[in-house]
Amino acid sequence: MENRAYNYAIVRSFVTWSVIWGLVAVLVGVIVSFQMVEPDLNFPPYLTFGRLRPIHTNAGIYGWGVGVIFATFLYIVQRLCKTPLWSDKLAKFQLWFFNATIIASAVTLLLGYTTSKEYHEMEWPIDVMIIILWVAFAINIVMTILKRKEEQMYISLWYMLAAIIGVAILFTVNAAAVPASLFKSYSAYAGTNDANVHWWFGHNAVAMALTAPPLAMFYYFLPKSTGVPIYSHRLSIIAFWSLIFMYLWTGAHHLLWTPVPDWIQTLAMGFSVMLIAPSWGSVFNGYLSMNGQWHQMRDNYLIKYLILGITFYGLQTLQGPMQAIRTFSAFIHYTDWVPAHIHMGTMGWVSMISFASIYFLLPRIYGKEVYSIPLANLQFWLILVGQLIWSISLWIAGVLQAGMWNAMNPDGSLTFTFMETMVEMYPYWWARCLGGLVYMAGLIIFIYNLYMTAKKGKPTVNNAAAAAGRA
Amino acid sequence: MDLSSALYLGVTFGLFVVFLLIVIRTYSKKRKEEGERAKYRMLDDD
């Protein structure tokens, strides 16, 4: 076992599948955005907004997001631990079980089987599959870390462990349910407890699946791309631990002004604001790591992705706490401002880092430079502009919507009917369609670049020399 | 204060102390070099 080489074949496979699911997520996202402006594009019972929207979110989070996590973690853990994966067979099982789980999720959601819990819509048999999948992944990563040849653990490994443990706990607790049949279950919690547990899961899934893993990637791929170390490893450790101590208390900010006890709402609000510190600890660490290297923003396309990615993380973690404050939440909650916020995080922060990570991996897993750097640059501008069109139009829409909902006549009656507020949204929803199309054009260019690199490149048959030398 | 409230308070205080100890340990002058070593080592692995 000690003489085995690094396993890059599994990284290649996860890159491929994550990108396929990413395309599904964006394509379905664009379709549902058109369904919002053209209701005739809904074809009941299967191809309606209600059924397609969870496919968009789940394909995005679990197919694209988690797929990239699997690809990058399986690469990073081998490199940072200077040892091959603990089990290649387990990794292979993980790959096919991952795809089986995503397909089962998509099919059942399309058929209308849902728990109705946002971001956790899949019914209990698929929850069981997800838990098996995650345990297989966790065992491989943890065992590889345990047999590492490097004494100290670099910060990326800390974030990886946090993500693995965090997702396991959050998902299992929120999945607790009483099955009534093969495709129907009832939550183990009732009333406000159910809502509270659900948003404890919901917001912390953002933390453990869409914050900790991209940070692990950022801390690994930024210095690898610039060739200089991060500004401060100690700062990254403190930012890590403060994030871990604070994040888990913030979920109830999704439930402000609801029957959830006031003290829980206040607690969530307070911790949400405090979260600015660890988030910006990482942002500053990223920026300060660029001291003397800012010219690389022009020279190295990877740096553009990584620095814009961490910038969107910074903006996201300022906007998020702002939204978690009661008075501001009262204004914008339930408006289109909220999806704009989420999409700055997913299309800006998470995907920028994911694209950069995959571009970094390509020459190493295919043994050939990226097919076209100009195309990678073009993709950067398309996804940046697409995301900005998407988010900015819906921020404006959200403020307009909130203003109209709150407008009152002198006699206390509402100034606008709900339908009037809906009609005002149309120009912004069309802009969202446009933003989605531009973003998808960028994604298609990315896939073409990846395909051509794979086709013209020569797959690296593991880094045998490196592994043998370090085993 | 009932038992559960005291327990919550104790756990909160305990977690705060743990965090404080992590900060003190990470930023102790004696451990400065060791604390920053990983960022250089990670660049060696390629």
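Please refer to the structure placed before this passage.
Because the structure is a prediction, the values reported are computed rather than measured. (Residues numbered from 1 in each chain as written. Chains lettered and ligands numbered in written order. Predicted model: local features only at pLDDT ≥ 70, side-chain atom pairs only at ≥ 80, totals over all residues. Heavy atoms only, no water.)

### Structural notes on the packing of helix H14 (residues 337-366) of chain A against helix H16 (residues 418-456) of chain A
Residue and element names in this part refer to chain A.
Next, step 1: For the pair H14 and H16, the least separation of the axes is 10 Å and the interaxial angle reads 10°. Regarding the angle of H14 to H16, the classification is roughly parallel. The element H14 and its partner H16 pack so that their crossing is left-handed. For the pair H14 and H16, the contacting residues are Met347, Ser351, Phe355, Ile358, Tyr359, Leu362 and Tyr366 in the first and Tyr439, Leu443, Phe446, Asn449, Leu450, Thr453 and Ala454 in the second.
Next, step 2: Residue classes in the contact of H14 with H16 are distributed as 11 nonpolar, 3 polar and no charged. (Axes fitted to C-alpha atoms, helices over the stretch in contact; angles between N-to-C directions. Helix = DSSP H or I, 4+ residues; strand = E, 2+ residues; numbered from the N terminus. Parallel < 35°, antiparallel > 145°, perpendicular 65-115°, else oblique. Left-handed = near helix turned anticlockwise from the far one by under 90°. Contact = heavy atoms within 4.5 Å. Nonpolar A, V, L, I, M, F, W, Y, C, P; charged D, E, K, R; others polar.)

### Focus: the nonpolar core
Next, step 1: By size, the foremost hydrophobic cluster in this structure holds 142 residues, and its most contacted members are Ile141, Tyr159, Tyr305, Ile358 and Tyr359 of chain A.
Next, step 2: In this view, Ile141 of chain A contacts Phe73, Leu74, Val77, Met160 and Ile164 of chain A; residues no more than four positions away in its chain are not counted. (Core = buried A, V, L, I, M, F, W, Y, C linked by side-chain atoms within 4.5 Å. Buried < 20%, exposed > 50% of the residue type's maximum accessible area, 1.4 Å probe, protein only.)

### Side note on the pattern of salt bridges
Next, step 1: What the rule picks out here adds up to 9 salt bridges over all chains.
Next, step 2: Of the charged contacts, one joins Lys117 of chain A and Asp194 of chain A as a salt bridge, the two residues approaching to 3.2 Å between their closest N and O atoms. Here Asp194 of chain A lies in helix H6 (residues 191-210) and Lys117 of chain A lies in the loop between helix H3 (88-110) and helix H4 (124-146), a separation of 77 residues in the sequence.
Next, step 3: Residue classification places Lys117 of chain A among the buried positions, given a relative accessible area of 10%.
Next, step 4: Among the salt bridges present, the one from Arg326 of chain A reaches Asp262 of chain A, with a minimum N-O distance of 3.9 Å. Separated by 64 residues along the polypeptide, Arg326 of chain A in helix H13 (residues 326-332) and Asp262 of chain A in helix H9 (residues 262-274) bring together distant segments of the chain.
Next, step 5: Several salt bridges share partner residues, and in doing so they unite Lys82 and Glu150 of chain A together with Arg41 and Asp44 of chain B into one network. (Salt bridge = Lys/Arg side-chain N within 4 Å of Asp/Glu carboxyl O.)

### Looking at the pairing of strand E2 (residues 184-187) of chain A
Residue and element names in this part refer to chain A.
Next, step 1: Here 4 bridges tie strand E1 (residues 177-181) to E2, and the two strands are oriented antiparallel to one another. Directly across from Ala177, in E2, lies its bridge partner Ser187.
Next, step 2: Hairpin connection from E1 to E2: 2 residues lie between these consecutive antiparallel strands. (Pairing = 2+ DSSP bridges.)

### Regarding the interface of chain A and chain B
Next, step 1: The interface is formed by 29 residues belonging to chain A together with 22 residues belonging to chain B.
Next, step 2: Contact with chain B buries surface across chain A, with Gln152, Arg234 and Phe245 of chain A losing the most and accounting together for 31% of the total.
Next, step 3: Inspection of the region where chain A meets chain B yields 2 salt bridges.
Next, step 4: Where Arg234 of chain A meets Glu36 of chain B, a salt bridge forms, and the shortest distance between an N and an O atom there is 3.3 Å. (Buried area = accessible area lost by both parts, 1.4 Å probe.)

### Re the packing of helix H2 (residues 49-81) of chain A against H3 of chain A
Residues and elements named next belong to chain A.
Next, step 1: Packing of H2 against H3 brings their axes to within 9 Å, and their N-to-C directions diverge by 170°. Judged by the inter-axis angle, H2 sits roughly antiparallel to H3. Of H3, the residues touching H2 (which contributes Arg51, Leu52, Pro54, Ile55, Asn58, Tyr62, Gly63, Gly67, Phe70 and Leu74) are Gln94, Phe98, Ile102, Ala106, Leu109 and Leu110.
Next, step 2: Across the contact of H2 with H3, the residue classes tally to 11 nonpolar, 4 polar and 1 charged.

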